[in-house]
Structures are given as C-alpha cells and as structure tokens.
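Read off the chains here:
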Amino acid sequence: MHEFELLDDIQKLRLEIRHAIPQIHSLETKELDKTARSFLRGKKKFNMDPTKGINYLVENALLERRAESVAEFLYKEEGLDKTAIGNFLGEREELHLEILKAFVGLHEFSDLNLVQALRQFLWSFRLPGEAQKIDRMMEAFATRYCDCNPGVFQSADTCYILSFAVIMLNTSLHNPNVKDKPSLQRFVSMNRGINHGEDLPTELLTKLYTSIRSEPFKIPEDDGNDLTLTFFNPDREGWLLKMGGRVKTWKRRWFILTDNCLYYFEFTIDKDPIGIIPLEDLSVRKLHDTGKPVEYCFLFFIPSEGALSSVTHIRSVNHTAAAEWMKTYCLELYNPGGQKIKACKTENKGRVVQGKHRSYKLSAAAADDRDGWIDAIRSSVTKNPFCDLVSLRKKKIISNSS
C-alpha cells in the first residue's frame, strides 16, 4: 500500500516538474536578456567614457575590477571604440598601468619581426594623442617584445626608438602630403648607434623598411562608434561668422571645439561637419591691430618664421547682432611660416577637399568670450609627440653608453 502511494507521489512530482520547466526556462531567458542588455549598456558607456563604462560593468557584477579581467575585456570584446581603449590604457593611475601591462601581455610577439609585432599591437587600439600616454604604451610594447624575443635588441630602449622610427617611416612613405619620401639609406642612417651605441644589422633595417614600404599600417575602425559621440560634451561650442577663403562673404556657422579639432557646421542639428581644422602644432594669441576696432581679437597660427598670406575671417556672433558685429569686430588668423594649415572642408557635391588657408583669424563679442576661446584652444592644441619622445630616449641611450 505504501509502495503504491509512494509511486503515485513520485508521478505527481514528475508532472509538477514537467509543468514548471517552461516557467524556469522563461525566467532564465529573461535573466539572460537582462544581463545581455546591461552588458551592452556598459559597452556603450565605455565608448562614451571608458572609466564610467568600466565602473558600470563592475558595479553590476559583469566585470571584475582586476587588471587581468579588464585587460581581457578590452582585448577580446567586440564593439568597443578603439580610441576609447587607447585613452583608457594610457592613463597613469596604478590600476591602469597594471591593466596596460596585462593587455600587452595578451599579445604574443614571439618569432615576429618588429613590423609584424607593431601591426598586431596597433590594430588592437588607437594610439592616443597625448605624449605621456604614448610613451607609457610604447614602453610597455617594447618591454613585451624584448621579453618574447630575447637577444634581438640589447635593451628595450633600442626597441622603443626603432618602433617610433618605423611608425614615422610609415607616415612619411604613405602620407600624400609628404613629398620628400625617405630612402632606405636615410632610414638606416637615422637609426645608427641606437643599439647601446652600436649599429643594428643593415639586413634587419632593410627588412623593416621593405615591409612598411610594401604595406602601410592599417588603422582600426572604431567599432560601434558614432561620429555624434565625438561632439558629445565638447570643450566649447557656439555660433560664429566665417568669411570664405575664395569667395569673401560672411556665413554663419556652428563651431565645436573637441578632440583637439575645431569643427564647423551649417546647423546645430547637423551630424557631419562641413569643415575641420586640426589643432596640431598650432598656437593662439591675442591680436592687437590699432588700425581697426578689434579690441576682442585673438590670433590662431603655426609658430614659425615667414610672411602673411591667405586670410580667413571668423567671429563670435549673437544671431540678432550678427550684422552689427560684422562691422565692429574683425579678426585675423595667420601663419607666419607660410605653411598651409591641415584643414579640410566639404564642397556642395559632398566632395571633401583640403583647405587652402595658411592662417585663420577669429573675433569675439566681448573680452571674456575672447579669453574663453583662447583658453579652450590652448588647452586643445597638440604637438606631434613622436620626435620629442624619440629624442629623449636617444639621449638616454647615449648617456648610458658613454
């Protein structure tokens, strides 16, 4: 009797379990969907602000706050902005330095020549623009390469210098704006004595030169990156009047200063700019012209010797006071050295063309507006860091070998 009752209870339990299984699966699916949505949200937050994105993932138990875990996330996860990865890895806080070391450690450079290793390394992120960040990242790369390939170079400093030489060679050989292409002989000569006072084998340098000449470095696309994120939280923005370079007419444009560039649009709602002015190697200063009422002028130029030419006029505007300001506040931007500023603009048919201005001139509506633009531009101006970094490291090698 008890046996039959027990079998009956077992059968009922089986039926209950069978009916409960779909509900369990449904709950598991919902929980997985919630986790997936949270993880995707964390990745989007990372693309907009890497530190906030990592904090969100950690706080939601989607990522461990350990160097190895974060490094693996940056190295393997798809859909991450490569520029954001580079900026995050370049930070100097202790945890960031540990993450950088773990990230570089995920790369296997054994039996690769330097160009092959650089191709792999530079594909996993985009080098940031700040010199100190680049220095830390290339230092970590050089150390890892030497650990994987003992005996190739006498020290990581040699690998560091040669890596920069290869990166600059890539730019010189494949940038159409560089007319004087370096020869193999010049490349070999530039790198004499960098191996602790000794020369590197010519055969090695020839192989690196040939590889770069045959195939340039590929710059990774920013996975999941929307151009509109570039203009999220800009350094400064506002309406300006801009005078054309070829046709001397004033046009009202919306200007945004961000990511070391000055962008201008036809309307505030436009997604794509109609012009871009990179701020690399530029300087800004106040302009005093006693011949014109330009008490709120400042000057934007490339610092070198030379003559004035090709002027563009821009000034800050209030929409209702635009006509008044056009008569009152005039600004000049000029390039004392005569070089063209590396700017570009979009023509009517959508074709992107290189700008022809050697200088830009801007005007503000008031002194505080002028000073605000000057401070913002000075903070955004960048210098090409490669030459300074290589020069410092060469001095170190010379000092150590003497």
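Relevant structure appears above.
Quick caveat, the model's predicted, so the values are computed rather than measured. (Residues numbered from 1 in each chain as written. Predicted model: local features only at pLDDT ≥ 70, side-chain atom pairs only at ≥ 80, totals over all residues. Heavy atoms only, no water.)

Asker: Could you clarify how one ought to interpret the nonpolar core in this entry?
Answerer: For soluble globular proteins, the rule of thumb is that nonpolar side chains tend to be buried together. Counting residues in hydrophobic clusters, the biggest one holds 61 residues, and the most contacted among them are L74, L114, M138, F141, L162 and V166. At ten residues, helix 8 (residues 156–174) tops the list of elements feeding residues into this core. In this structure, L74 is in contact with F46, L80, I85, F88, L89, I99 and F103, ignoring residues within four places of it in sequence. Residues L257, L279, L282 and A376 belong to the second largest nonpolar core, which totals 16 residues. (Core = buried A, V, L, I, M, F, W, Y, C linked by side-chain atoms within 4.5 Å. Buried < 20%, exposed > 50% of the residue type's maximum accessible area, 1.4 Å probe, protein only. Helix = DSSP H or I, 4+ residues; strand = E, 2+ residues; numbered from the N terminus. Contact = heavy atoms within 4.5 Å.)

Asker: Sorry, what's going on with the packing of helix 6 (residues 114–123) against helix 7 (residues 131–148) here?
Answerer: Where helix 6 meets helix 7, the axes come as close as 12 Å, and the angle between the chain directions of the two elements is 130°. Classified by the angle between their axes, helix 6 and helix 7 sit oblique to one another. Seen along the crossing, helix 6 lies across helix 7 with a hand that is right-handed. Packed against helix 6, whose contacting residues are L114, A117, L118 and F121, the element helix 7 presents M137, M138, F141 and Y145 at the interface. Each residue belonging to the contact of helix 6 with helix 7 can be placed in one class, and the counts come to eight nonpolar, no polar and no charged. (Axes fitted to C-alpha atoms, helices over the stretch in contact; angles between N-to-C directions. Parallel < 35°, antiparallel > 145°, perpendicular 65-115°, else oblique. Left-handed = near helix turned anticlockwise from the far one by under 90°. Nonpolar A, V, L, I, M, F, W, Y, C, P; charged D, E, K, R; others polar.)

Asker: Please explain the environment of T268 as it appears in this structure.
Answerer: Note on placement: T268 falls in the loop between strand 3 (261–265) and strand 4 (275–278). Classification of T268 as partly exposed rests on a relative accessible area of 43%. Along the backbone, T268 and I256 are twelve residues apart, and their C-alpha atoms lie at a distance of 9.6 Å. Leaving out residues up to four positions away in the same chain, T268 has contacts with W239 and W254.

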